[in-house]
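Residue-level structure breakdown
Listed here are the chains, written in short residue letters.
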Amino acid sequence: MDYFFQILGPLLDGTAVTLQVFLLTLVLAVPLGLALALVRVSHFRTAAGLVGGYIWLMRGTPLMLQMLFIYFALPFVPVIGVRLPDFPAAIVAFTLNYAAYFAEIFRSGIQSVGRGQYEAARVLGMSYGQTMRRIILPQVVKRILPPMSNETITLVKDTSLIYVLAMNDLLRAARGIVQRDFTTMPFAVAAAFYLIMTLVLTWGFMRLEKRYAVYED
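Residues numbered from 1 in each chain as written. Predicted model: local features only at pLDDT ≥ 70, side-chain atom pairs only at ≥ 80, totals over all residues. Heavy atoms only, no water.

Things to note about the overall build of the protein
When helices and strands are tallied, the protein shows eight helices and zero strands. Starting at the N terminus and ending at the C terminus, the protein contains elements arranged as α-α-α-α-α-α-α-α. Expressed as lengths along the three principal axes of its C-alpha atoms, the size of the protein is roughly 70 × 50 × 20 Å. Within the span of the protein, comprising 217 residues, buried residues form 38% of the whole. Look at the contacts in the protein between residues 6 or more apart in sequence, and 74% of them connect residues 24 or more apart. Only carbon and sulfur atoms are counted for the fraction: they give 67% of the accessible area of the protein, which is about 12,300 Å². (Helix = DSSP H or I, 4+ residues; strand = E, 2+ residues; numbered from the N terminus. Buried < 20%, exposed > 50% of the residue type's maximum accessible area, 1.4 Å probe, protein only. Contact = heavy atoms within 4.5 Å. Areas by Shrake-Rupley, 256 points an atom, 1.4 Å probe, with all protein chains shown as cover.)

Rendered as structure tokens:
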């Protein structure tokens, strides 16, 4: 038990880094994903095509590769030539990657709403923006909760990839202790921390789904 409390401090510090990456990615990627989805379903074919290409690129290449590119290769890209520190580089990579996945979730939710509701809103004199804000998006939120739950839980686990940028997240902190003390107990504690985080998210999304199910009834 004494050893547990001895390693708890470094693991909690690593958990703080993990949560920072998770929360910042969620705050930035969700609205960006919604904006991309709205462009994707719009009548502006050129913009929709560009967004489709972006989503294909982000979903078709590994997140780790994207992080490494932003951190190591971005400074050598002509015109851009920006070198980001490890934390901002990780946030940019995670945001761009998860925005693509969230965009597809939002797109599927928007397209699942019947065309008749758009026509009814038009008859009532609503603009496209009013229709999306007052009629379509409230229904979309209810329909996309299960896939958003899965993607958000995946995000918690994907934060462990930031070790490639030598960031001291939960997994890297645990691995450092294991290599120092030759015991696997830090891995078990780290696994418990990840399980607690995913348990909290699962509970939160279940509450949201029940809340919207009541409104549906």
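Digging into the nonpolar core
Counting residues in hydrophobic clusters, the biggest one holds 57 residues, and the most contacted among them are L11, M67, F94, I110 and I162. Of all the secondary structure elements, the ones that give two or more residues to this core are α1 (2-40), α2 (45-60), α3 (63-73), α4 (86-111), α6 (128-158), α7 (170-181) and α8 (185-216). Top contributing element to this core by residue count: α4, with 13 residues. Residues contacting I110, with those up to four places away along its chain left out, are A37, L38, V41, Y118, M132, I136 and V140. (Core = buried A, V, L, I, M, F, W, Y, C linked by side-chain atoms within 4.5 Å.)

Description of the confidence of the model for the protein
For the protein, per-residue confidence averages 90 on the pLDDT scale, and residues scoring 70 or more make up 98% of the total. Within the protein, the lowest mean pLDDT, 77, falls on helix α5 (residues 115-123), and the highest, 95, falls on α2. (pLDDT = per-residue confidence, 0-100.)

Comments concerning the pattern of salt bridges
Taken as a whole and judged by the stated rule, the model has four salt bridges. Of the charged contacts in the structure, one is a salt bridge between R40 and E104, with a shortest N-O distance of 2.7 Å. Linking R40 in helix α1 with E104 in helix α4, this pair joins segments that are 64 residues apart in sequence. By relative accessible area, which is 14% here, E104 ends up buried. Residue R107 pairs with E104 through a salt bridge whose shortest N-O separation is 3.1 Å. Residue R107 and its partner E104 are located together in helix α4, separated by three residues, close to a single helical turn. (Salt bridge = Lys/Arg side-chain N within 4 Å of Asp/Glu carboxyl O.)

So, the packing of α1 against α6
At their nearest, the axes of α1 and α6 sit 12 Å apart, and the two run at 135° to each other. Between α1 and α6, the angle is such that the two are oblique. Where α1 crosses over α6, the handedness of that crossing is right-handed. Here F22, T25, L26, V30, L34 and L38 of α1 come into contact with α6, specifically with M132, L137, M148, T152, L155 and V156. Classifying every residue of the contact of α1 with α6 by side-chain character gives ten nonpolar, two polar and no charged. (Axes fitted to C-alpha atoms, helices over the stretch in contact; angles between N-to-C directions. Parallel < 35°, antiparallel > 145°, perpendicular 65-115°, else oblique. Left-handed = near helix turned anticlockwise from the far one by under 90°. Nonpolar A, V, L, I, M, F, W, Y, C, P; charged D, E, K, R; others polar.)

Considerations on the packing of α3 against α4
A pair of packed helices is characterised by two quantities: the angle between their axes and the separation of those axes. Interaxial distance between α3 and α4 falls to 9 Å at its minimum, and their mutual angle equals 135°. By the angle between their directions, the pair α3 and α4 is classed as oblique. Read as a crossing pair, α3 and α4 show a hand that is right-handed. Every residue of α4 that contacts α3 at L63, Q66, M67, I70 and Y71 is listed here: D86, A89, A90, V92, A93, F94, L96, N97 and Y98. Broken down by class, the residue content of the contact of α3 with α4 amounts to eleven nonpolar, two polar and one charged.

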